[in-house]
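Letter by letter, the chains look like this.
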Amino acid sequence: YNYKFAFYGNDFDMLIDLTSVGTSPKKLRTEFAGTLIDLEGEGEVVGDARFDGESCRDESRQVGIHIRGMISAEVAIDCTRCLEPLRRKIEVAFDDVFVDGAHESRSSETELTIADMDESLVIGGRVDLADVVREQILLALPEQIFCREDCRGLCPKCGGNRNLIDCSCD
């Protein structure tokens, strides 16, 4: 592994320097503490988020690398209808291409191809794997999640959980 690791305060980030990635795939395995992954109010990661994958240079581009693999984490999130807390296991398979922004056109008007739409620009020539894991978990969270299929939600008048009480509101 020729990847560079960096420490910032008490946080640990795994930085992958784009120039250190070759054309043959290199295995990547790491865990990130759930407390360090900010899901922006959409829930929280319980325990560790695990990443198991690989990285390699994209042979069709001189400046791009692929990071692909599987992320698994348990997420604590609230039911959309009744707001009761629940936990869900999330597994995300992904394959992303990262391109050094220094090699991109500075023109104010640039025509994008379909392949360009699947690329992520990297500033400073390094990919922070913790950010990739966080982003993939956020993208994998469902828009709506229910504690059970027949969840009755909250009463709009008294705010009571209709799964637990039979309120007499109209």
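In what follows, the structure referred to is the one given above.
Heads up: these notes are all about the structure in this document. Computed from a predicted model, the values in this text were never measured in an experiment.

Enumeration according to the criterion identifies seven salt bridges in this entry. Between Arg68 and Asp95 there is a salt bridge whose closest N-O contact spans 3.4 Å. In this pair, Arg68 sits in strand β5 (residues 64–78) while Asp95 sits in strand β6 (residues 85–100), placing the two residues 27 residues apart along the sequence. Here Arg152 ties to Asp166 by a salt bridge, and the two come within 3.9 Å at their closest N and O atoms. Taken together, the residues span a long stretch of sequence, with Arg152 in the segment after α2 (129–140) and Asp166 in the segment after α2 at a distance of 14 residues. Connected through shared salt-bridge partners, Glu54, Arg68 and Asp95 make up one network.

This part takes up the pairing of strand β4 (residues 44–57). When strand β3 (residues 26–33) meets β4, the two strands line up antiparallel, connected through eight bridges. Across the sheet, Glu31 pairs through a bridge with Arg50, a residue of β4. Pairing of β4 with β5 involves 11 bridges; the strand directions are antiparallel. Looking across to β5, one finds that Cys56 is bridged to His66.

Calculation criteria
Residues numbered from 1 in each chain as written. Predicted model: local features only at pLDDT ≥ 70, side-chain atom pairs only at ≥ 80, totals over all residues. Heavy atoms only, no water. Salt bridge = Lys/Arg side-chain N within 4 Å of Asp/Glu carboxyl O. Helix = DSSP H or I, 4+ residues; strand = E, 2+ residues; numbered from the N terminus. Pairing = 2+ DSSP bridges.

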